[in-house]
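Fold and contact review
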Amino acid sequence: MADFELIKSLARKTDTKIVLLVMDGLGGIPHPKTLRTELEAARKDNLDRLARSSQTGLSIPVAHGITPGSGPGHLALFGYDPIKYLIGRGILEALGLDMDVRDGDVAARGNFCTLDDDGLIIDRRAGRIPTETNTELTTLLNGISVDNATPIVASGREHRFAMLFRPEDGGPQLSDALTDSDPQREGLAPLTVTATEPWADSTAGIINTFLEKAASAVADRHPANGLVLRGFSTTPDLPQMSDVYGLNPAAIAAYPMYRGLAELVGMNVVETGDTIEDQIRTTRDIWNNHDFFFVHYKYTDSAGEDGDYDAKVAAIERLDNALPALLDLDPDVLVVAGDHSTPSAMAAHSWHPVPVMIRSRHVTAGFAEAFTERECAKGMLGTMAATDIMPLALANAGKLDKFGA
């Protein structure tokens, strides 16, 4: 695990450049119809060639047997103990959508969902409705008023949105000590938000009133005829990557949550397009301005969550086809990793170790013949904590001084 005080005492600035390419939900398990993982099925000559010249291994985002959310998984890749620095999903989404988050605001991540006639959730993502439809629905929600707080809703991509509950002047302070209304699986009704601490009772009442009014507002808007909230949170105070690592980091990410997380740890969040080709072009455009580049690729995860094996294979192949343009930048250190596994066979995040590889001028190639789960398990990095990836990247970039005499 990254020891921030130790690393801060050893960190030094250099001209070397690190790229952290995160393939979201990268890991998988053999699918019943093929007996191969998505990485094993994909044609990915560039990733496989890179693996043969890199050190490889498997990473554990939080702990053995623990299934991580995207926030903890990414924090671990950035070197932050995800148990110590626990961040709610809501604040990540709100910051990622450039919402004006103020002291005292409580943020939440929202999903539009599909309800059946009995009020049970039959699709947590409402068929991934078009973003244009999402925008229409959030306009409806922004017209809702409740006592003692102002609800503010921002449209995200497809079924996603973020919202803030802002306390009114002179009204009660709001709390994020709340349970989710999202049961996070289908076949159940949206849950009532409850307080986990006594002082959050009034906030729970405010949010449940909003949810009742919001449910009525979208009731006839099938397939997005319901909504759920999760990840209630306020703005945390995190150590900044520039202070701990001595870096000037940039984030090239299209999806709001990852942009929000990057902002919280002090990265310069750069506007980019939706595709991996767009993101690599953006990286090239800002190459001379930064020394650390977090490049986020979402589509491996979304295909895995949809249980779509073929789509996840195709997403891996798309990234592989784009990879030479990133390699042409010739970073001193290139890390390819994932924040967690999302096997399409499970259609969900899982606890399985995640493939990782590190290429630099200072590593000896290991034993992997391809970038797959089974081949990476043979690698010299072994099975490691994801929080150890960042110190290794810094060391390979010559950004850490010797410890002791």
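Look above for the structure.
Residues numbered from 1 in each chain as written. Predicted model: local features only at pLDDT ≥ 70, side-chain atom pairs only at ≥ 80, totals over all residues. Heavy atoms only, no water.

1. Remarks on the overall build of the chain
For clarity, the threshold we go by: What counts as a helix is a DSSP run of H or I of at least four residues, what counts as a strand is a run of E of at least two, and both are numbered from the N terminus. For this measure, only C-alpha atoms enter the radius of gyration; the expected value for a globule follows 2.2 Å times N^0.38, where N is the number of residues. Burial classification: accessible surface area is computed with a 1.4 Å probe over protein chains only, and a residue below 20% of its type maximum counts as buried, one above 50% as exposed, and the rest as partly exposed. Each accessible area is a Shrake-Rupley result for a 1.4 Å probe, and residues are judged covered by the shown protein chains and nothing else. We score Asp and Glu as negative and Lys and Arg as positive, and we do not count His or the chain ends. By convention, the charge on Lys lies at NZ, on Arg at CZ, on Asp at CG and on Glu at CD.
Each helix and strand counted, the chain has 14 helices and 13 strands in total. Against the 2.2 N^0.38 benchmark of 22 Å for 405 residues, the chain shows a C-alpha radius of gyration of 21 Å, consistent with a compact globule. For the chain, the C-alpha atoms occupy an extent of roughly 60 × 50 × 40 Å along the three principal directions. Here the chain, with 405 residues, has 57% of them falling under the buried criterion. Total accessible area on the chain is roughly 16300 Å²; 48% of this is exposed by carbon and sulfur atoms. Of note, the chain has its 36 positive side-chain charges centred 7 Å away from the centre of its 57 negative side-chain charges.

2. Things to note about the packing of helix 10 (residues 276-285) against helix 12 (residues 309-327)
Two quantities define a packed helix pair, namely the angle between the axes and the distance from one axis to the other. What counts is decided by this rule: The axes are straight lines fitted to the C-alpha atoms, using for helices just the contacting stretch, and the angles between their N-to-C directions are given from 0 to 180°. Angle categories are assigned with fixed cut-offs, so that under 35 degrees is roughly parallel, over 145 is roughly antiparallel, 65 to 115 is roughly perpendicular, and the rest are oblique. Take the far helix as your reference; a near helix turned counterclockwise from it by less than a right angle gives a left-handed crossing, and one turned clockwise gives a right-handed crossing. A contact between two residues is defined here by any heavy atoms of the two lying within 4.5 Å. Under the convention adopted here, Pro, Cys and the residues Ala, Val, Leu, Ile, Met, Phe, Trp and Tyr are nonpolar, Asp, Glu, Lys and Arg are charged, and Gly plus all remaining residues are polar.
At their nearest, the axes of helix 10 and helix 12 sit 9 Å apart, and the two run at 15° to each other. Relative to helix 12, the element helix 10 lies roughly parallel. Between helix 10 and helix 12 lies a crossing whose hand is right-handed. Note on element contacts: helix 12 touches helix 10 through Arg318, Leu319, Ala322, Ala325 and Leu326, opposite Ile276, Glu277, Ile280 and Thr283. For the contact of helix 10 with helix 12, the class distribution of residues is six nonpolar, one polar and two charged.

3. Some remarks on the packing of helix 5 (residues 89-96) against helix 9 (residues 256-264)
Where helix 5 contacts helix 9, the two axes come as close as 6 Å, and the packing angle between them is 95°. Judged by the inter-axis angle, helix 5 sits roughly perpendicular to helix 9. Here Arg89, Ile91, Leu92, Glu93, Leu95 and Gly96 of helix 5 lie close against helix 9, whose contacting residues are Pro256, Met257, Arg259, Gly260, Leu261, Glu263 and Leu264. For the contact of helix 5 with helix 9, a count of residues per class yields seven nonpolar, two polar and four charged.

4. A word on the pairing of strand 5 (residues 149-155)
For a regular strand, side-chain orientation follows a simple rule: the groups alternate between the two sheet faces. Applied cut-off: Only strands that DSSP links by at least two bridges are regarded as paired with each other.
Of the strand pairs in this sheet, strand 5 and strand 6 (residues 160-167) are connected by seven bridges, and their pairing is antiparallel. Bridged to Pro151 within strand 6 is Phe165. Following strand 5, the chain reverses through four residues before pairing antiparallel with strand 6; Glu158 in that reversal takes a positive phi of roughly 55°.

5. Observations concerning unusual backbone geometry
Going from His222 to Pro223, the amide bond is cis rather than trans, its omega being 10°. Mapped onto the secondary structure, Pro223 falls in the loop between helix 7 (201-218) and strand 7 (226-233). If you check the backbone angles, Arg128 has positive phi at about 50° while not being a glycine. Structurally, the position occupied by Arg128 is in the loop between strand 4 (121-123) and helix 6 (131-141). Phi at Glu158 takes a positive value of approximately 55°, unusual for a residue other than glycine. Within the secondary structure, Glu158 sits in the loop between strand 5 and strand 6. The class for Glu158 is partly exposed, based on a relative accessible area of 23%.

6. Notes on the sheet that holds strand 1 (residues 18-23)
The eight strands are arranged 9-8-10-1-11-12-2-13 in an open sheet whose pairing can be described as mixed. Each edge of the open sheet carries a strand with a single partner, namely strand 9 (268-269) and strand 13 (382-385). Both strand 2 (residues 55-60) and strand 12 (residues 354-360) contribute to a ladder of five bridges, which runs antiparallel. In the sheet register, Leu58 faces strand 12, and the bridge partner there is Pro355. Sheet contacts for helix 3 (residues 45-52): strand 1, strand 2, strand 11 (333-337) and strand 12; angle to strand 12, the most-contacted strand, approximately 65°.

7. Let's talk about the packing of aromatic side chains
How we decide: Stacked, edge-to-face and tilted labels apply to pairs of Phe, Tyr and Trp rings (six-membered ring for Trp) whose centres lie within 6.5 Å, assigned for plane angles under 30 degrees, over 60, and everything in between, in that order.
Evaluation of the coordinates by the stated rule reveals ten aromatic pairs. Geometrically, the ring pair formed by Phe4 and Tyr245 is edge-to-face, given 6.0 Å between the ring centres and 85° between the ring planes. Of this pair, Phe4 sits in helix 1 (residues 4-10) while Tyr245 is found in helix 8 (residues 241-245), placing the two residues 241 residues apart along the sequence. Take Phe4: its relative accessible area is 12%, and that puts it in the buried class. Looking at Tyr245, the relative accessible area reads 0%, which means it is buried.

8. Focus on the pattern of salt bridges
The test is simple: By definition, a salt bridge exists where a carboxyl oxygen of Asp or Glu is found within 4 Å of a side-chain nitrogen of Lys or Arg.
Applying the stated rule across the entire model yields 25 salt bridges. Between Lys298 and Asp301 there is a salt bridge, and its shortest N-O distance comes to 2.8 Å. In this pair, the class of Lys298 matches that of Asp301, namely buried.

9. A few points about the nonpolar core
Stated formally: In plain words, nonpolar cores are sets of buried Ala, Val, Leu, Ile, Met, Phe, Trp, Tyr and Cys residues tied together by side-chain atoms within 4.5 Å.
Formed by 53 residues in total, the largest nonpolar core has its most connected members in Met241, Tyr245, Met267, Phe292, Phe294 and Val335. A total of five residues in this core trace back to one element, the largest contributor, which is helix 9. If we skip the residues at most four places from it in the chain, Phe292 touches Ile18, Leu20, Met241, Leu247, Asn248, Pro249, Ala250, Met267 and Met390. Within the second largest apolar cluster, 36 residues are counted, among which are Ala41, Ala42, Leu50 and Leu323.

10. Regarding helix 4 (residues 70-77)
Of all eight residues in helix 4, eight are buried; the element is thus mostly enclosed. Among the structural elements, strand 1, helix 5, helix 9, strand 10 (292-297), strand 11 and helix 14 (389-396) are those in contact with the buried residues of helix 4. Just past helix 4, the residue Gly79 takes up positive phi, approximately 95°.

11. Here we look at the side chain of Ser59
When you line up the elements, Ser59 lands in strand 2. A residue is classified by how much of its surface remains accessible, and Ser59, at 1% relative accessible area, is buried. What Ser59 contacts, discounting residues up to four positions off in sequence, is Gly338, Pro353, Val354, Val356, Met384, Ala386 and Ile389.

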